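Here are the chains, one letter per residue:
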Amino acid sequence: MRFPGGRAKAFTLSYDDGVEQDIRFIEIMDKYALKGTFNLNSGITSPEGTKFPKGQIHRMLSASDVKKYYGKNGNEVATHGYTHPWLEKLTPAGVVYEIMKDREELENMFGRIVRGHAYPYGTYSDSVVDALRQCGIVYARTIKTTLSFDMPTDWLRLHPTCHHDDPKLFELIENFKAYKGDAPKLFYVWGHTYEFEQKDNWDRAEDMCKAISGCDDIWYATNMDIYEYTKAYESLVWAADMRRVHNPSAKNIWFKLNGKIYSIAPDETLVIK
């Protein structure tokens, strides 16, 4: 597989909770032409006009601000539980309610279909995963650090490369930029933007985005962009001799075969000579 434009590498960000500090981080993302996914709890937004006590770090946005700041610039919104519960402590019906209610609210707010998720507190169980699948969720991010760029094999247990505060972050960035191999690679960073204020290290946010940006051989995408593209690639239909391939998807797909990069349009059948 090759990502759009024939690239071998993709980078994405994932940030949780829908807090005020996301506004500043989105500005930084825009500055460096990055994209990502924001995981929101539509049931616990702040009342309009809320004045937070001095020193409060975790400041949830209001519903109007959620709609204002996340519905632009190509970023994705995903579920994080309607009320940010410990999903594995709920009944199956409770899990379904938390996910479907969050989906419904976000879909109505943004006028788009929401199919992504990040586990509140990073916790889950097999029964939670089964419930998410029944709710139409196609990927769900954990908080398990891999320090790896390998492509996901279980999208409902999607482990990120690292948290933005990981001591190896900038080493990972340099290693990722230097990668010239054949296998497709994904660099996935997650966190909470209130942590930049909590630790007084907004310079780290700026430095991270600057360091990873501007590379022609990296696709900067949302979580869902990467999921949907990967699934479209996997849907390619090959002839027995690998000399003919059909693309049944609605996406342009790139792949590398015998050292050459090909592009195949939606509904195209390509003969490889």
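Here, the structure is the one placed above.
Read on for a plain summary of the structure.

Rules behind the numbers
Residues numbered from 1 in each chain as written. Predicted model: local features only at pLDDT ≥ 70, side-chain atom pairs only at ≥ 80, totals over all residues. Heavy atoms only, no water. Helix = DSSP H or I, 4+ residues; strand = E, 2+ residues; numbered from the N terminus. Rg over C-alpha atoms; globule rule 2.2 N^0.38 Å. Buried < 20%, exposed > 50% of the residue type's maximum accessible area, 1.4 Å probe, protein only. Areas by Shrake-Rupley, 256 points an atom, 1.4 Å probe, with all protein chains shown as cover. Lys, Arg positive; Asp, Glu negative; His and termini not counted. Charge placed at Lys NZ, Arg CZ, Asp CG, Glu CD. Polar contact = N/O pair within 3.5 Å; in protein donor to acceptor, adjacent residues only side chain to side chain. Contact = heavy atoms within 4.5 Å. Pairing = 2+ DSSP bridges.

1. Describing the overall build of the protein
Broken down by element type, the protein carries 8 helices and 13 strands. Computed over its C-alpha atoms, the radius of gyration of the protein comes to 19 Å, within 12% of the 19 Å expected for a compact globule of 273 residues. Projected onto its principal axes, the C-alpha coordinates of the protein cover approximately 70 × 40 × 30 Å. Per-residue burial over the protein gives 52% buried out of 273 residues. Carbon together with sulfur atoms contributes 50% to the accessible area of the protein, which is approximately 12600 Å² in total. For the protein, the distance from the average position of its 35 positive side-chain charges to the average position of its 38 negative side-chain charges is 5 Å.

2. Some words on the side chain of Ser-249
For Ser-249, the location among the structural elements is in the loop between strand E10 (244-246) and strand E11 (253-257). Among the polar contacts listed, one links the side chain of Ser-249 to the backbone nitrogen of Lys-251, at a separation of 3.2 Å. Ignoring any residue separated from it by four or fewer positions in sequence, one finds Ser-249 in contact with Ala-232, Ser-235, Pro-266 and Asp-267.

3. Considering the sheet that holds E10
Spatially, 3 strands are ordered E9-E10-E13 in an open sheet, and the strand pairing comes out antiparallel. Whereas interior strands pair on both sides, the edge strands pair on one side only; in this sheet they are strand E9 (237-238) and strand E13 (269-271). For E9 and E10, the ladder comprises 2 bridges, and the chain directions are antiparallel. Within E10, the residue paired with Trp-238 across the bridge is Val-245.

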